[in-house]
Amino acid sequence: MPTARIPMKKIIEVLRLKYEAQLSHDKIARACQLSKGAVYKYVHLAKAKGITWPLADDVDEAALEALLFPAQEKPQRYVPPDCFQIHQELKRKGMTLQLLWAEYVARYETQAYRYSRFCALYRQWRDKQKRSMRQLHKAAARRRSSTTVAPLSR
């Protein structure tokens with residue numbers, strides 16, 4: 001589990017002590033009650049992002065955080081399969097997950113999941129579906145009992 005990030009006020013203090021007071025990482029670490037590694041990490045990150053001291057007037061804590069730690073969007077590399085459509089197709093005679101996966105790969109090529117992941121996603125979806133057992137009851141035709149005798153025709 002990743003460690004929690006230190007507050008932005010402390011990062012600003014680290015940068016101030018480094019560039020304004022010209023203190024060593026060891027002294028900054030003791031003053032801010034951080035490890036030397038954490039001090040190095042934030043000083044190096046600020047240097048890599050081109051942040052200089054003194055900070056510009058328009059840079060507040062929120063802006064500095066956005067500069068140092070930009071929000072990362074998880075790229076949508078793979079196209080998720082349409083599990084409902086797969087479920088419907090599997091009801092057809094002779095249809096298999098292997099065939100449906102082959103069609104999926106032909107359609108999405110490099111953005112398609114591999115077969116094992118494709119099957120796992122479908123199984124996860126299927127297991128979340130509400131189970132039901134639909135039963136159709138047809139009314140039975142009237143049966144003649146075996147004890148009744150049909151009248152003889154004369």
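None of the values given here were measured: they were computed from a predicted structure.

Regarding the overall build of the protein
Scanning the protein for helices and strands turns up seven helices and zero strands. The secondary structure elements of the protein, listed N-terminal to C-terminal, are α-α-α-α-α-α-α. For the protein, buried positions account for 23% of its 154 residues. Long-range pairs, those at least 24 residues apart, make up 51% of the contacts in the protein between residues at least 6 apart in sequence. When the accessible surface of the protein is totalled, it reaches about 13200 Å², and 52% of it is carbon and sulfur.

Some words on the pattern of salt bridges
Counted under the stated rule, the structure contains six salt bridges. In this structure, Arg-5 engages Glu-65 in a salt bridge whose closest nitrogen and oxygen atoms are separated by 2.9 Å. Within this pair, whereas Arg-5 is found in the segment before helix H1 (8-19), its partner Glu-65 is found in helix H4 (residues 61-68), the two being separated by 60 residues in sequence. With a relative accessible area of 34%, Glu-65 lands in the partly exposed category. The shortest N-O distance in the salt bridge between Asp-26 and Arg-30 comes to 2.8 Å. Placement of the pair is Asp-26 and Arg-30 together in helix H2 (residues 25-32), with a separation of four residues, close to one helical turn.

So, a negative patch on the surface
A surface patch of negative charge is lined by Asp-57, Asp-58, Asp-60 and Glu-61. In this structure Asp-58 comes out as exposed when scored by relative accessible area, which is 65%.

Description of the environment of Val-39
Tracing the backbone shows Val-39 in helix H3 (residues 36-48). Between the C-alpha atom of Val-39 and that of Asp-26, which follows or precedes it by 13 residues, the distance is 8.4 Å. Setting aside chain neighbours within four positions, we find Val-39 in contact with Val-14, His-25, Ile-28, Ala-29 and Leu-34.

Quick notes on the packing of aromatic side chains
Taken as a whole and judged by the stated rule, the model has six aromatic pairs. Note on Tyr-42 and Phe-69: the rings are 6.4 Å apart at their centroids and 80 degrees apart in plane angle, and the pair reads as edge-to-face. Placement of Tyr-42 in helix H3 and of Phe-69 in the loop between H4 and helix H5 (83-90) is noted, with a sequence separation of 27 residues between them. Where Tyr-104 meets Phe-118, the ring centres are 5.1 Å apart and the plane angle is 35 degrees; that geometry is what we call tilted. Taken as a pair, Tyr-104 in helix H6 (residues 97-108) and Phe-118 in helix H7 (residues 115-128) lie far apart in primary sequence, 14 residues in all. Taken together, the aromatic side chains of Tyr-104, Tyr-108 and Phe-118 make up a single cluster linked through ring pairs. Positioned above the aromatic ring of Tyr-113 is the side chain of Arg-117, whose terminal nitrogen or guanidinium carbon lies 5.9 Å from the ring centre.

About the criteria used
The residue numbering used here restarts from 1 in each chain and proceeds along that chain's sequence as written. Per-residue local features of the predicted model are confined to residues with pLDDT of at least 70, and side-chain atom pairs are confined, for both listing and counting, to 80 or more; whole-chain, interface and lining totals are unaffected and use all residues. Excluding hydrogens and water, the side-chain figures rest on all heavy atoms present in the structure. Secondary structure elements follow DSSP: runs of H or I no shorter than four residues count as helices, runs of E no shorter than two count as strands, and numbering proceeds from the N terminus. Note on classification: 1.4 Å probe, protein chains only; a residue is buried when its accessible area is under 20% of the maximum for its type, exposed when over 50%, partly exposed between these limits. Contact definition: two residues touch when any of their heavy atoms are within 4.5 Å. Note on areas: these come from Shrake-Rupley sampling with a 1.4 Å probe, and a residue is covered only by the protein chains present in the view. Salt bridge, as applied in this entry: a Lys or Arg side-chain nitrogen positioned within 4 Å of an Asp or Glu carboxyl oxygen. Surface patches are drawn from residues lacking salt bridges whose relative accessible area is over 30%; two like charges belong together within 9 Å, two nonpolar side chains (Val, Leu, Ile, Met, Phe, Trp, Tyr) within 5 Å. Note that His is not counted, nor are the chain ends; the positive residues are Lys and Arg, and the negative ones are Asp and Glu. Note that the charge is assigned to NZ on lysines, CZ on arginines, CG on aspartates and CD on glutamates. Paired rings are identified among Phe, Tyr and Trp, the last through its six-membered ring, by centres lying within 6.5 Å, and are further divided according to the angle between planes into stacked (under 30 degrees), edge-to-face (over 60) and tilted (the rest). We count a charge as sitting over a ring when the NZ of a lysine or the CZ of an arginine lies within 6 Å of the ring centre and within 35 degrees of the ring normal.

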